[in-house]
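For reference, the chains in residue letters:
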Amino acid sequence: MSEYQTGSNIIEYLLTLLDISDKVDANPNFLAAIDTLRTTPTGKVLPDMPDEYNLHTPNGIIRFMDQMPGGFFIYHADHEEHIIYVNQALLRIFRCDTIEEFQELTGNSFKGMVHPDDLNAVEESIKKQIKQSKYDLDYVEYRIVCKDGKTRWIEDYGHFVHSDSIGDIFYVFISDATEKRQQMLKEQHSLIQSVNAENEMKIQSLIESYDAERQSIYQEHLRRLEVIEGLSVNYESILYINLETDEILPYRLNERTERLFQSASQLRRFSWFAADYVQTWVHPQDRKLVAKATAPEYIRERLSESKTYYLNYRVVSDEEIQFLQLRVVNVGNGDDISQIVIGYRRVDDEIQYEMKRQKVLEEALNQAKMANKTKDTFLSNMSHDMRTPLNAIFGYTALAGNHLDDASLVESYLEKINVAGRQLLDMIEQILEISWMETRESQLTETECNLAELIQDVIMTILPQAEDKSIAIVTDTKGLRHCDIYCDQVKLSQIFLNLVNNAIKYTENAGRIDIIANEKERLPNGYITYQFMVKDTGIGIGKEFLKRIFEPFQRERNTTFSGVYGTGLGLTIVKNIVDMMKGTITADSTPGQGSTFTITLSLRTQSNPSVAAESADSVRTLPENRKILLVDDNEINLEIETELLKELGFRVETASDGNIAVEKVRTSAPGEYAFVLMDIQMPVMDGRKAAEAIRRLEDPALAGIPIIALSANAFESDRRLSTESGMNAHLTKPLDIPILLETIARIVPDDR
């Protein structure tokens, strides 16, 4: 209740004069002590007070209060509500002769004065009235029980104040309203009795209607007050200002504004308040801004355009910078802008959120700029790196055409064309691979696998590149005790291929690459943590670039400076695959000495390892002149693929769309075609629909013919759709003969 402070007043003066501040809490019988002041020091009753009697004495003020016709008392505004002072009229109302009788009857508290049945309603009514208006007297009616046991009605006019010497108190004027209430009831009864039954009903209806209307108006008034209070709850200070009179009246104060007002109802000059507030609290860099926003001319100008405006600024409190918002609202009527309300509220959270959001946007913009710069660099490098092998392909093709009579020279040119083509294919595949991963098309497919054999296959695949540079590749798999596992063989092979290929690229001639595999920890549910290391004696990686080694399109040196072709995506692909397999990869390097990449993966072991599959070389033992059906709508592809397959010993029959292929299979004899090599994207009927149509043929021997998809689409979803349409395998273009042979050995029956 301390927000209802007042300045000096008669009650404060009365309490000080009676010296209550030092004694009331220490002496419960203080009321009895005050009673002695009603007599002279000799014990005689004081004579009637003369005109010149000095009221600025305890005896004088008590005599004055006792001469009041109505009751008067003061009590503490706390939970106990102990009574501080009562006058003689109050004792008479309670039919008490002495202070001691009154204390015994009431327990010396306001609670003890009120009839128990009325107490809760009385205190609640007082609280509501104080909340609604801190300046008016609160009014309540209630019953009391006198010393003689009779119940009487009381009218109570009270007010809450704060005394610096006593604290929070109520001073109250009361009068006996029993006769008044009885007279009112008597008149009411007489009025009712004086009219007939019909008029009585009408009057009662009018009374009820009036009471209902009054209650409705009262409730609406309360609701409006509650709405206003609710809307302003976030404002720590609210001030009413009259620009015409240059006056400011506080409605709500906080630590920054209450120091400028002695009380919540004290008027000040607005011009003085605005200048003092700016100079005392506002951050030096914002003072001109706030001073301008609170100048009367500026206020009138802004409020002529809008009903309200606001300004965000900073204040300094206890050496801490806080963010506040000043809002100015026009509350006057008409075109004359003179009555306004100013509210101050903290907006630290909002400003900090906006600052964080701005920082996030700036970081996102910087990242986007950096990404664009990286991609621009990548495209520039790719333009160079892709045109280089293309230039070799076109150049050596032209040279070969000019030297057709020199077989050895043409063979050399063709070999160089093949190398350049594979460089170009490698770059394209890496770009596609990272694109698939970014679209989250890539998925893991676990199959049975032998780690030692997988590593050996990788070495055999990449060994020719190492031999060209006289690089030794050394494997150490002695640490593997459980080689038979379940994993995605393609992706695990891709990890090793990319790492070893990267090592070969950046290792000079006669260097060395070590591949080390170990088991680190056996986990529950049949899993083992494996650690794989790929070490090289290459040129190494700088410390700064090592931090970005796994980011896409990153290369420490482009092709021009390093002489090494590449996209800068190989390690990014490795990192993405390792993340998919829920593993980790780290890189350690010393420029001029080499690099080490360490991969840790948890893989599920096989409980009953199966016997290794037959080698793909067995396909070459198929009888010669075995016929196959090649389906492709592109004439160039048909020509190239036909020649390659014929060199493998197959007789090739072609079809230009899926519809023709289905008809050829339907009209063929069982076993006439060893398998179908089917393109996916074709006119009339695509490859998948053709495969579905073949699987629906009535003859089981024809419907079960092996079908291999051959497509430029290599997404995981493309492979899945091919399988769902009934195809046995999915290969990607350009045709890779070793992979084709392995696939044929796996899915085509051996009729030997």
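Here the structure is a predicted model, which means the values were calculated and not measured.

Parameters at a glance
- Residues numbered from 1 in each chain as written.
- Predicted model: local features only at pLDDT ≥ 70, side-chain atom pairs only at ≥ 80, totals over all residues.
- Heavy atoms only, no water.
- Salt bridge = Lys/Arg side-chain N within 4 Å of Asp/Glu carboxyl O.
- Helix = DSSP H or I, 4+ residues; strand = E, 2+ residues; numbered from the N terminus.
- Buried < 20%, exposed > 50% of the residue type's maximum accessible area, 1.4 Å probe, protein only.
- Core = buried A, V, L, I, M, F, W, Y, C linked by side-chain atoms within 4.5 Å.
- Contact = heavy atoms within 4.5 Å.
- Pairing = 2+ DSSP bridges.
- Expected span 1.5 Å × (residues − 1).
- pLDDT = per-residue confidence, 0-100.
- Axes fitted to C-alpha atoms, helices over the stretch in contact; angles between N-to-C directions.
- Parallel < 35°, antiparallel > 145°, perpendicular 65-115°, else oblique.
- Left-handed = near helix turned anticlockwise from the far one by under 90°.
- Nonpolar A, V, L, I, M, F, W, Y, C, P; charged D, E, K, R; others polar.

Student: Help me understand the pattern of salt bridges in this model?
Tutor: Any two side chains of opposite charge can pair if their charged atoms end up close together. Counted according to the given criterion, the structure contains 22 salt bridges. Note that lysine 180 and glutamate 155 form a salt bridge whose closest N and O atoms lie 3.0 Å from each other. Taken as a pair, lysine 180 in helix α8 (residues 178-194) and glutamate 155 in strand β4 (residues 151-163) lie far apart in primary sequence, 25 residues in all. Taking the relative accessible area as the measure of exposure, glutamate 155 reaches 9% and is therefore buried. The partner of aspartate 514 in a salt bridge is arginine 512, and the shortest N-O contact between them spans 2.8 Å. For aspartate 514, a relative accessible area of 17% gives the class buried. Put simply, Lys627, Glu653, Lys664 and Glu672 are held in one network by salt bridges that share partners.

Student: When you look at the nonpolar core in this model, what are you seeing that I'm missing?
Tutor: Most often, soluble globular proteins have nonpolar side chains that are buried together. Counting residues in hydrophobic clusters, the biggest one holds 43 residues, and the most contacted among them are Ile473, Leu492, Ile495, Leu499, Tyr530 and Leu601. Taken together, the elements giving at least two residues each to this core come down to α16 (451-468), β14 (484-487), α17 (489-505), β15 (512-522), β16 (527-536), α20 (570-580) and β18 (594-605). With residues up to four places along the chain from it excluded, the contact list for leucine 492 reads Leu451, Leu454, Cys487, Met581 and Leu601. One finds Val278, Val290, Ala293 and Ile342 within the second-largest nonpolar core, a separate group that totals 29 residues.

Student: Where do I start with the pairing of strand β11 (residues 339-346) in this structure?
Tutor: On any regular strand, side chains alternate: one points to one face of the sheet, the next to the other face. Taken together, the six bridges between strand β6 (residues 237-242) and β11 define a ladder with antiparallel strand orientation. Bridging from a neighbouring strand, tyrosine 240 pairs with valine 341 of β11. Pairing of strand β10 (residues 320-330) with β11, which is carried by seven bridges, proceeds in the antiparallel orientation. Counted as the bridge partner of arginine 327 is glycine 343 from β11.

Student: Could you clarify how one ought to interpret the environment of isoleucine 515 in this entry?
Tutor: Along the chain, the position of isoleucine 515 falls in strand β15. What makes isoleucine 515 buried here is its relative accessible area of 3%. Each C-alpha atom of the pair isoleucine 515 and lysine 535 lies 6.6 Å from the other, and the pair is 20 residues apart in sequence. The contacts of isoleucine 515, once residues within four sequence positions are left out, are Ile455, Ile459, Ile473, Val474, Thr475, Asp476, Val500 and Met533.

Student: Could you clarify how one ought to interpret α17 in this entry?
Tutor: Two residues of an α-helix separated by three or four positions point the same way, owing to the 3.6 residues in each turn. Helix length check: α17 (17 residues) gives 24 Å between terminal C-alpha atoms against 24 Å at 1.5 Å per residue, within 8%. Most of α17 sits out of view: 12 of its 17 residues are buried. Along α17, the residues classified as buried are Lys491, Leu492, Ser493, Gln494, Ile495, Phe496, Asn498, Leu499, Val500, Asn501, Ala503 and Ile504.

Student: Just checking my understanding: could you explain the confidence of the model for the protein chain for this structure?
Tutor: For any part of a model where pLDDT is low, the fine detail of the predicted coordinates should not be relied upon. Taken as a whole, the protein chain shows an average pLDDT of 79; of its residues, 77% reach a score of 70 or greater. Taken together, the stretch residues 1-8 has pLDDT below 50 and engages in 14 contacts with residues farther than four places along the chain or on a different chain. Below pLDDT 50 for its whole length, residues 40-53 participates in 14 contacts with residues either more than four positions away or in separate chains.

Student: What exactly am I supposed to notice about the packing of helix α22 (residues 658-666) against helix α23 (residues 687-695) here?
Tutor: Helices that pack against each other are described as a pair by the angle of their axes relative to one another and the distance between those axes. Between α22 and α23, the shortest axis-to-axis distance is 9 Å and the interhelical angle comes to 20°. The orientation of α22 with respect to α23, classified from their angle, is roughly parallel. Considering the relative orientation of α22 and α23, their crossing is right-handed. Residues Gly658, Val662 and Val665 of α22 pack against Ala690, Ala693 and Ile694 of α23. Among the residues forming the contact of α22 with α23, the class breakdown is five nonpolar, one polar and no charged.

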